[in-house]
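Analysis of the macromolecular model
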Amino acid sequence: MTRHYFGTDGIRGKVGEAPITPDFVMRLGYAAGKVLASDHSTLAVGENPVVLIGKDTRVSGYMLEAALQAGLCAAGVNVRLVGPMPTPAVAYLTRALRLQAGIVISASHNPFEDNGIKFFSATGQKLEDATEAAIEAEMLNPMKTMTSRDLGRVKRIDDAPARYIEFCKSSFPFDKDLRGLRIVVDCAHGATYHVAPSVFHELGADTIAIGNQPNGSNINQECGATSTAALSMAVRRHRADYGIALDGDGDRLMMADANGIIYNGDQLIYVIARHRQQKGKLKGGVVGTLMSNLGMEHALKRLGVPFARARVGDRYVLEMLAERGWQLGGEASGHILCLEKHTTGDGIIAALQVLRALRESGESLAEYTADMKMYPQTLLNIPVVSRVDMEHELIRQSVNEAEAVLGETGRVVLRASGTEPLIRVMVESANADCAKKEAERIAVAVKAAAA
């Protein structure tokens, strides 16, 4: 299916440039209202559908929130506002409040200058391709504002943070706590700044919050899951037991041990999988992506845990989990899906699953992951201004040459980003120098093909 606006995680772009403009977002809100709220089977006669809107801490969120409200209300949809809230919180609240849809205004880990729109269905899950296609098709039709009597209305949900905090805590065993642990929580100056520290504090941890002073422009800026040096330094400075880094909208997780050593999504997924297998509670296997480290695949194999690779993007991990009837999966970038706990990736809930494993085992992160030897990876991001033909002769030749060099000891993954104008080159090898050399060679070919 060809999508004109939707990428792998909603619609994103630079604010002020198509499609992230007020007029486009208003039309998007109208079209989404028509499509997402089209099933009135659960509504009383004359009752308007209701859609929840949350956002991260970007200053552009105010503008886009107003535009969405206008479009939804024009379509006869009531709106519930929760202000800055993590993406997984919107998914949860949409489902818990029995609403027709949820919308998040966020560009996740992207720079402050970007923003985007993500959607959740009534079940708290990301939209299927067919639904996104229907929204795009509806945008081709003219807006027909409802009569004044039938316009949507807007209300704010003031207790949304407290509801979500309790939901996160419920994913941790009721008879256990985090007393005696000192934990640094880096909120990336994003949407978790007022909820994440409270979750860990209320479970008994001595919690130190950093990256919790958003000013509208500092989201993800040298902090959070995409820039973990701040977390590593803070853990050592405060002599903490663990560090937790979330991204701007709270759906990614990285962690640090007491030495400030960072553990990525692959390593944390392994921790959760190993613990669940030991407890006899791992349903099926684990789904990773094309970017998942070979070290995780091999370590899971030694445990006898099945492993499968999906396309890059947590939506594709979710689809494969559903197809196989499994519950655990995610990405090295920190998207971790624990489907028996939540319908979508949630950094806070994933962190709690890791902490549970470590508390019950009595082992450190280093000890619990000792059997997982990570393969060196080189990842290069090549900026592009237009679509690049991945089958271009120069690119294909460079990839073939790299694969011949790597043999059975490495991999090449070449793909276009679904959220940014980039071509991502990843080379994995048992030899770090080899991975770097081959990635740089492919990058030269990509630049030449894109010229």
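Here, the structure is the one placed above.
Here's what I pulled together on the structure shown here. (Residues numbered from 1 in each chain as written. Predicted model: local features only at pLDDT ≥ 70, side-chain atom pairs only at ≥ 80, totals over all residues. Heavy atoms only, no water.)

Concerning the pairing of strand β18 (residues 422-429)
- In terms of residue burial, β18 counts as a mostly covered element, since eight of its eight residues are buried.
- Of the two faces of β18, the one carrying Leu422, Arg424, Met426 and Glu428 and the one carrying Ile423, Val425, Val427 and Ser429 are both buried.
- Of the strand pairs in this sheet, strand β16 (residues 377-383) and β18 are connected by seven bridges, and their pairing is antiparallel. Each bridged residue has a counterpart across the sheet, and for Pro383 the counterpart in β18 is Leu422.
- Relative to β18, strand β17 (residues 410-416) runs antiparallel, the two sharing seven bridges. The partner of Arg415 across the bridge, within β18, is Arg424.
- Counting the residues in the hairpin turn of β17 and β18 gives five residues. (Buried < 20%, exposed > 50% of the residue type's maximum accessible area, 1.4 Å probe, protein only. Helix = DSSP H or I, 4+ residues; strand = E, 2+ residues; numbered from the N terminus. Pairing = 2+ DSSP bridges.)

Thoughts on the packing of helix α8 (residues 265-279) against helix α9 (residues 294-303)
- Interaxial distance between α8 and α9 falls to 10 Å at its minimum, and their mutual angle equals 5 degrees. Classified by the angle between their axes, α8 and α9 sit roughly parallel to one another. Of the residues in α9, those touching α8 at Asp266, Ile269, Tyr270, Ala273, Arg274 and Gln277 are Met296, Ala299, Leu300 and Leu303.
- Taken together, the residues that form the contact of α8 with α9 break down as seven nonpolar, one polar and two charged. (Axes fitted to C-alpha atoms, helices over the stretch in contact; angles between N-to-C directions. Parallel < 35°, antiparallel > 145°, perpendicular 65-115°, else oblique. Contact = heavy atoms within 4.5 Å. Nonpolar A, V, L, I, M, F, W, Y, C, P; charged D, E, K, R; others polar.)

Let's talk about the pairing of strand β8 (residues 206-210)
- Inspection of the sheet shows strand β7 (residues 182-186) paired to β8 by five bridges, in the parallel sense. Of the residues in β8, the one forming a bridge with Asp186 is Ile210.
- Crossover β7 to β8 through helix α6 (residues 196-202) is right-handed. (Right-handed = clockwise from strand over helix to strand, strands pointing away.)

Details of the sheet that holds strand β3 (residues 78-84)
- One open sheet holds the six strands; their spatial order is β1-β5-β4-β2-β3-β6, and the pairing between them is mixed. Edge positions in the sheet fall to β1 (11-14) and β6 (154-156), since each has one partner strand and no second. On average, each strand axis in the sheet is tilted by 20 degrees relative to the strand beside it, whichever way the strands run.
- Of the pairings in the sheet, the one linking β3 to β6 comprises three bridges and is parallel in character. Residue Arg80 lies in a different strand from β6, and its bridge partner there is Lys155.

Looking at the nonpolar core
- One finds Leu178, Phe200 and Ile348 to be the most contacted residues of the largest nonpolar core, which totals 64 residues.
- At nine residues, helix α11 (residues 347-361) tops the list of elements feeding residues into this core.
- Discounting chain neighbours no more than four positions away, the residues touching Phe200 are Leu178, Val185, Ala205, Thr207, Ile244, Ile348, Ala351, Leu352 and Leu355.
- Listed in part, the 31 residues of the second largest apolar core include Ala75, Leu81, Leu127 and Ile135. (Core = buried A, V, L, I, M, F, W, Y, C linked by side-chain atoms within 4.5 Å.)

Quick word on the pattern of salt bridges
- Under the criterion given, the structure shown has 28 salt bridges.
- Here Arg276 makes a salt bridge to Glu340, at a shortest N to O gap of 2.3 Å. Within this pair, whereas Arg276 is found in helix α8, its partner Glu340 is found in the loop between β15 (336-338) and α11, the two being separated by 64 residues in sequence.
- Given a relative accessible area of 33%, Glu340 falls into the partly exposed group.
- Sharing partners across several salt bridges, the network here consists of Asp9, Arg12, Lys118, Lys126, Asp249, Asp251 and Asp314. (Salt bridge = Lys/Arg side-chain N within 4 Å of Asp/Glu carboxyl O.)

Re helix α13 (residues 393-406)
- End to end, α13 covers 20 Å across 14 residues, agreeing with the expected 20 Å (1.5 Å per residue, within 8%).
- All buried positions along α13 are accounted for by Ile395, Ser398, Val399, Ala402 and Leu406. One side of α13 carries all its buried residues, which in axial view fall inside an arc of 100 degrees. Facing away from the buried side of α13 by more than 90 degrees, the exposed set consists of Glu393 and Ala404.
- If you follow the buried residues of α13, they end up packed against β17, β18 and α14 (432-450). (Expected span 1.5 Å × (residues − 1). Arc of directions from axis to C-beta.)

Topic: unusual backbone geometry
- Backbone torsion omega between Ala18 and Pro19 reads 10 degrees, so that peptide bond is classified as cis.
- Within the fold, Pro19 resides in the loop between β1 and α1 (22-36).
- Although it is not a glycine, Arg98 adopts a positive phi angle of roughly 60 degrees.
- Residue position: Arg98 is located in the loop between α3 (87-96) and β4 (101-105).
- With a phi close to 60 degrees, Ala188 is a non-glycine residue in the positive phi region.
- Position of Ala188 relative to the elements: it lies in the loop between β7 and α6.

Remarks on the environment of Pro376
- Structurally, the position occupied by Pro376 is in the loop between α12 (365-368) and β16.
- The partly exposed category is assigned to Pro376, whose relative accessible area is 27%.
- With residues up to four places along the chain from it excluded, the contact list for Pro376 reads Val427, Glu428, Ser429, Ala430, Ala432 and Ala435.

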